[in-house]
Each structure stands twice: as structure tokens, then as C-alpha cells.
Amino acid sequence: MEVIFGYPGGAVLPIYDALFHQNAIRHVLVRQEGGAVHAAEGYARSTGKVGVVLVTSGPGATNAVTGLVDALMDSIPIVCLTGQVPTHLIGNDAFQEADTTGITRPATKHNYLVKRSEDLARVVHEAFYVARSGRPGPVVIDLPKDIVINPAPWTPPPETQHRSYRPQTDPDPEQIRQAIALLKGAKRPMIYTGGGVINAGEAASDALVRFVRATGFPCTSTLMGLGAYPANDPQFLGMLGMHGTYEANLAMHGCDVMLNVGARFDDRVTGRLNAFSPNSRKIHVDIDPSSINKNVPVEVPIVGDAGRVLEALLAAWQQDGTRVDTQALAEWWREIDEWRAKDCLRFTQETARGSIIKPQYAIQRLYEMTRALGRETFITTEVGQHQMWAAQHFRFDRPNHWMTSGGLGTMGYGLPAAMGVQMAHPDALVIDIAGEASILMNIQEMGTLAQYRLPVKVFILNNQYMGMVRQWQELLHGGRYSESYSAALPDFVKLADSFHAVGLRATGVDELDGVIAEMLASDRAVIADIAVDPKENCFPMIPSGAAHNQMILGPEHEDRAAGITDEGLVLV
Amino acid sequence: MRGQTTPPQFLPLQTVSPMPIDPTQRRATISVLVENEAGILARVVGLFSGRGYNIDSLTVAPVDQRGRSRINVVTSGTEMVIEQIKAQLDRLVPVHRVADLTMEGPHIAREMALIKVVGTGEHRVEALRIANAFRARVIDATAESFVFEMTGGTEKLDAFLDLMRPLGLAEVSRTGVAAIARGKRVIDDLHGAHDA
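Residues numbered from 1 in each chain as written. Chains lettered and ligands numbered in written order. Predicted model: local features only at pLDDT ≥ 70, side-chain atom pairs only at ≥ 80, totals over all residues. Heavy atoms only, no water.

(A) Main features of the domain arrangement of chain B. Residues and elements named next belong to chain B. Segmentation of chain B into domains returns domain 1 (25-105) and domain 2 (108-178). Contacts between the two partners involve 5 residues from domain 1, matched on the other side by 4 residues from domain 2. Summing both partners gives a buried area of about 370 Å² for domain 1 against domain 2, and 57% of it is carried by carbon and sulfur. When the area that domain 1 buries against domain 2 is broken down by residue, the three leading residues are Ser-57, Thr-59 and Asn-72, summing to 61%. Connecting domain 1 to domain 2 are 0 salt bridges. The interface formed by domain 1 and domain 2 contains 2 residue pairs in polar contact (both at pLDDT 80 or more). Put simply, the parts of the chain that give the side of domain 1 that touches domain 2 at least two residues each are β2 (57-62) and β3 (68-78). A per-element tally of the side of domain 1 that touches domain 2 places β2 first, with 3 residues. Looking at side-chain class alone, the side of domain 1 that touches domain 2 contains 2 nonpolar, 3 polar and no charged residues. (Domains from an automatic or database assignment. Contact = heavy atoms within 4.5 Å. Buried area = accessible area lost by both parts, 1.4 Å probe. Salt bridge = Lys/Arg side-chain N within 4 Å of Asp/Glu carboxyl O. Polar contact = N/O pair within 3.5 Å; in protein donor to acceptor, adjacent residues only side chain to side chain. Helix = DSSP H or I, 4+ residues; strand = E, 2+ residues; numbered from the N terminus. Nonpolar A, V, L, I, M, F, W, Y, C, P; charged D, E, K, R; others polar.)

See the structure below:
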């Protein structure tokens, strides 16, 4: 542990006093505790290490809850130390007392209340073990003030195994054999990967690439899994799910054998469950047995670490003498290429001077210009349309470089997460792709950027609406835009200035490249306020309750309402 | 087969069996061996309420010298839901073992009830006669009341209570189900004795 994100308060003053007397751990003072947890998430996801948070009792702990649930849903390893009133006051409604272990029990993978100083060292060792082992997640250690004031003996980490928590990481060879038998016999195979591959470390992504190439099969990824397989590779069909590509979703719908590695058949991915990939035999690899058969029954369940399972699959694939049906596979690819030819993400950008900027174009230019720069680039996002456009148009080719709030969908995640990423990678380019509504949820962290001179770039796609809410209201609620207009917005350029950052603005397409270039060239924190088309919707879209073959395509596609066939699309 | 392929340090419980789709509900008696630590019951109960599972009965008590407690849960759901309940229980950090007694072979389930029946005359006589037939013990008696103690399966207790209802059934206190496998199998051995 090198960095800790926190905010002081009465109950944790003894810990802050100890921090004052040392130099080994760097403390980053956030501006609100929620920011601390998201920062630790960004730190953890970009490094593979455990992110550490320190907050005080009561409101400090309750402010951290959103971040904890966010980390729980996205399987991010976090250890969060919370202050607590002294043990003799617990239960007395003392000042800044909250039942932190009670509140965070369903918000964490596990939590502890330390009631004896002699337990402290053991609990801390155990908390780090639990946070990073198996399916990673957040762990809270609630620390009454008397426990942290009294001297506590340090004990080394235990050499024995945990008494009850020992996740299985190596797969069962028999299930690997069954999986290979299914995959070798496939005529229309599909590989679907998720955040589990990222969590399993860079070696797992490497194993994924080797396995996918060895098979020649098409692959897709969830939002959380982007970057594990290079997006520009021809075998990658793009993201799947609610705002996934036409080809990825139709291939999922039409496949006969599906291999899921480290994804959890989330509802944003499956659409209507009883119409999800109806004719496929499914293999599911997950380190968490409770993820298997939770939403979608599968034929071959494999419990294990994604990296180890992929290595085992690759070895078994190469050893198995059975030939794949190359003719069927070629036919399958021909079908996929037809879907791909639809170019479902295309949009039209007017180029005349002063033309309104399409949000997709802004992301595309950001991608192209950062790529041309050649610097190591990390992207975080807030939540909404801009997040989906970033996932669609920013093409990730490395794991751990894409930080987004997937499961919980927490607006306000991106800025503090970018802060955590930049702390871990001081020389890298870290960009928060944001919306004007989301960014205001944790805008106070601009102060943290200033204090620690973190040159995070905030790239706001400003459409003056909570865009995804507006889109759903347009499509599902008769265009009644109830409370989704971003009224009374701040002047983001002046706001940046007041936080000692650089403020830039682009209002027409001719200004976009200049603003991006200036942002990328700056060695300071930047807010780039990009005025984009307020009416633009995010397509393709599988409406809630619809199936993968019932996607709505964008207005670019003349046949968006035409193809009401089994494998076509249905306009809702 | 599994014993050979899985290194002993891993819990074979973590393996998931292929799942048939079956919409029919079944009842399951699940025993959970847990670390006897603060909040463990809240964790288990919160898991059931948070994920919308049924609890028909729940008992908990310390069971050994190693600081472990046993929780017995009677629940019901489709096969998919019950498998999910077991998997969710098993991933709680302080959980040692989850055993689905209903699936893992013959088992015995018992609960105890204290049953207060208030009445006089014929009802009182009839209540005592039925109690004898059911082998309920009288543990408190006054001129106008009995408290019966009765141990047995849930169905037996339910049947007895049904009969007592018209005879002045006034109050019931039940323990919930305690369950154990028949024969020499023990819960540690159901999945290998890793903690021995």
C-alpha cells in the first residue's frame, strides 16, 4: 500500500496523527468521502492493487457507502477504514455514531468491527486477503477510537489458510474437457468476456488473446471487460448488450455454442432473459460460483480464475485432436461480416464552420488524437450517454486502461476515479469523459486535483440534458422531458479557472480539434466543455425487456424500422 | 472423481453442477456451519431478505468448541433459486460449510414447541387425550390450562396444533427446525474434513 484516499474527522484523528509521523504512505485528501472510494477504485482498477480508503465515523462512513456498493457491483478490491465512536459509546447514539457494520453489511464483500486491540493486525491482514482474493470486492474495517489510540501489537500475516474463505482458482479438468468438446463441435461459436478477465490480471487478457486467436472464433466484451481483447482486432465484434453493436448482439443471439469468461449475464447484456441466445449451449467461467446459473442456466460451469481457466482451455484446445468445422465457421463469419457491414455505429457529422458537434464525433476525435500522441492513456467516465459513446467509439486495446461504473451506474464516478488513476500513474494521460450533469455530482474533487497538481483532463460532452434520461423519456415516455434538463449550469470555463485548472470550450465543429489539442498539450488539470447536439440519442439500443434481435438502430439506417424478422431488428 | 481432480485445499463445494430448468418449487433444509462471530446471523438473514428468498424456519446455536455455530434454514424455491441460495451462503466469508440436507441423503429434522391450551370441561379432557396420543408432555397445568411440550417433525407439530385449535389453543412458541444427516456422515465430512 502506497496511497490512501481519505478525509479526517474526530474518530480517526489518532490515525491521522500516525500518518503525520511517517512518510511511507501518501495520503490524498479528497473533498468528500464518496470521492475517496471512487479514487481508490480508479487506483485499484488501473494497478491491480487493493485501493485503500480512510474516513471518519458517522457521515464519513455513510458518504462512503455509494462507492462501496459501486466497488461491490464491479468487483473492485477496496479496503475502507472507517472511524467509530469508542467501544463504550457504541449503541448510545453518540455524536457522529452510525451503525457502520450494519449499514455496510450488504454494501461490502465483508466487514469487521474491531473490538480488541489485539485483533487489529489479524483483521487488517485478513481484510486485504478477502478484498483481493476470489471475486474481489470492498471490505470495511470499523475502528472504534479507543482501539486506534491504544497500542496494538503487530503480528505478521498468517501463513496458514483462512479458516473459512478459500476461493477455488484452478478449474476442474473434466469441465475443461467438456468445454473443449463443445467448442470444437461448434458451428456458430461466440466468446463473451467480462470484467473478470481484467480482474484476473494482465496475464489473463494475454491468455484470452492467444485463446481467441487459436480458435479463430469471434469475441465480444461487456462494458467492464473492454480492453482485455484489442478493439481493433478483426475477431472482436465490439461491445455487446443494451448499447452494443449490431454484429455482437446478433452473433450472441444466433450462436450455437457460447463461452462466457468472467461476465455475469447481467440484464444490460442479456436483454429479455427468455429470449437470450435461445439456441446456444453455454459454458460459463467465473471465480464466483454464485454467478453461475444465477440468471442463465448453463451446460458447462467452470469455477476458477479467468487467467488460469483460459490457459487450461488453450492447452486443452491444442492437445485435442478434433478439427473444428472450418466450413461452418467460415459461413458463420460471412454472416457476421454482413451484420458488421451495417456499420451500426455510424453517424453523420456536418463539417461546415459552426456546425453542431456530434458527441460520437467528439469521442472519435479524442480517440484519434490521443492515439496519435502515443502516450499511455487511461479513460474514466461518468454514467449516461457519454459513457456508452465512449465505450462504442474509444477503442481500447489494453486492459486496466478503462475505468467506468458498470454495475451500479454511479454518476460522479469518473472525476474521482481519474484522480486515483493519475495518482497511480503520474506520467500518464488520464481523461474523464463526462456529461455536464454527472460531473456536477463530484465536482468538488477539482480541489483535490489542484492540491496534488494532478493533470486530469475532464472532457465534458455538454448536451444540456441528463442525456440517457432524456433519451428514455423520448423513446418510452412520449417525449415528456420531466426534470431531465440541466438547468442553471455553471460556466465550466470559469469553474475550471476558480479551481486553478484550465477551462476550454468548443461550440462548433471547427473548434473541436483545437480544444482537444490544447487540452492534451496542457500539463495542468483541464476542463474541456464540448457543446454537443442535445438531441442526439445513443444507438444501437436494445430497449428494456426486448431481445438481442430487437435492437433499434440509429436514424442513419433507412431500414431501422423495416427488418421485423427473426434475426432482424424491430423498431419500438 | 472429484476427490482426485481437486487439490484438497479447495472446497469442492465451489463446483457448480449443471442446472436443469425446472419451474417447480421444492423445499430445502440447509445447514450452514459458520464462524460464531458478531453479525453472522444478520449476514445470513440479510442475504435472504436482500435477495428476496423465503425463510420458512431458521435456527442458530453454537455447536462446537472451535467457535463455530450451526444455522439451519428451511427454505423453498425453484431448483435454480435453491442452488443460488446455497452458492450465496457459501460465498459469505465466515461460512465453513453449506449442506443441502434435503439433497444429500436421508436426514432427520425436528423442532420443539411449547403449546398453551386454555379451557375447561370436555375441551380440556379432549386436549389431554390428543396430547397423549401425540406423545406431547404436560409441563405445566392449572385448573384451566395446559402447557404441552412437543418434539417432532414440522408436519406433526402442525397436525397437533390444528387439533388443538378448536380446543382452546391460546399460545404457541416453536423453536424452528434443527436437522442432521442420518447415519455416520457428519457435516464436515459431507464435503471433506478440511478443518480437522
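(B) Just the pairing of strand β4 (residues 78-84) of chain A, in detail. Residues and elements named next belong to chain A. The buried fraction of β4 amounts to 7 of the 7 residues, a majority that puts the element mostly inside the structure. By the alternation rule, side chains of β4 split into Ile-78, Cys-80, Thr-82 and Gln-84 and Val-79, Leu-81 and Gly-83, which are all buried. Direction of pairing for strand β3 (residues 51-55) relative to β4: parallel, over a ladder of 5 bridges. Within β4, the residue paired with Gly-51 across the bridge is Ile-78. Running through helix α3 (residues 59-73), the crossover from β3 to the neighbouring parallel element β4 is right-handed. Taken together, the 7 bridges between β4 and strand β6 (residues 138-144) define a ladder with parallel strand orientation. (Buried < 20%, exposed > 50% of the residue type's maximum accessible area, 1.4 Å probe, protein only. Pairing = 2+ DSSP bridges. Right-handed = clockwise from strand over helix to strand, strands pointing away.)

(C) Representation of the side chain of A:Asn400 within the structure. All names here are of chain A. Within the element layout of this structure, Asn-400 appears in the loop between α15 (385-393) and β14 (402-403). For Asn-400, a relative accessible area of 13% corresponds to the buried category. Within the structure, the side chain of Asn-400 is placed 2.8 Å from the backbone oxygen of Arg-45, a separation counted as a polar contact. Apart from the residues lying within four places of it in its own chain, the contact partners of Asn-400 are Arg-45, Ser-46, Ile-198 and Phe-378.

(D) Region of the structure containing helix α12 (residues 306-319) of chain A. All names here are of chain A. Counted at 1.5 Å a residue, the expected span for α12 with its 14 residues is 20 Å, and the 20 Å between its end C-alpha atoms agrees. Residues of α12 that are buried include every one of Ala-306, Gly-307, Val-309, Leu-310, Leu-313, Leu-314, Ala-316 and Trp-317, and no others. Each element contacted by the buried residues of α12 is listed here: α7 (173-184), α8 (195-199), α9 (202-215), β10 (257-261), β11 (281-286) and β12 (300-303). One side-chain oxygen at the N-terminal end of α12 lies 3.1 Å from the backbone nitrogen of Gly-307; it belongs to Asp-305. (Expected span 1.5 Å × (residues − 1).)

(E) Just the pairing of strand β2 (residues 26-29) of chain A, in detail. Residues and elements named next belong to chain A. Inspection of the sheet shows strand β1 (residues 3-6) paired to β2 by 4 bridges, in the parallel sense. Each bridged residue has a counterpart across the sheet, and for Val-3 the counterpart in β2 is Arg-26. After leaving β1, the chain enters helix α1 (residues 13-20) and then returns to the sheet as β2, a path that is right-handed.

(F) Structural view of the pattern of salt bridges. Under the criterion given, the structure shown has 40 salt bridges over all chains. Note that B:Arg91 and A:Asp288 form a salt bridge whose closest N and O atoms lie 2.7 Å from each other. In this pair, B:Arg91 sits in the loop between α3 (79-90) and β4 (95-100) while A:Asp288 sits in the loop between β11 and β12, so the two residues belong to two different chains. Residue classification places B:Arg91 among the partly exposed residues on the basis of a relative accessible area of 29%. By relative accessible area, A:Asp288 is classed as buried at 4%. Here B:Lys86 makes a salt bridge to B:Glu83, at a shortest N to O gap of 2.9 Å. Here B:Lys86 and its partner B:Glu83 are both found in helix α3, 3 residues apart, which amounts to about one turn of the helix. Residues joined in a network through salt bridges with shared partners are B:Arg26, B:Glu79, B:Glu83, B:Lys86 and B:Asp100.

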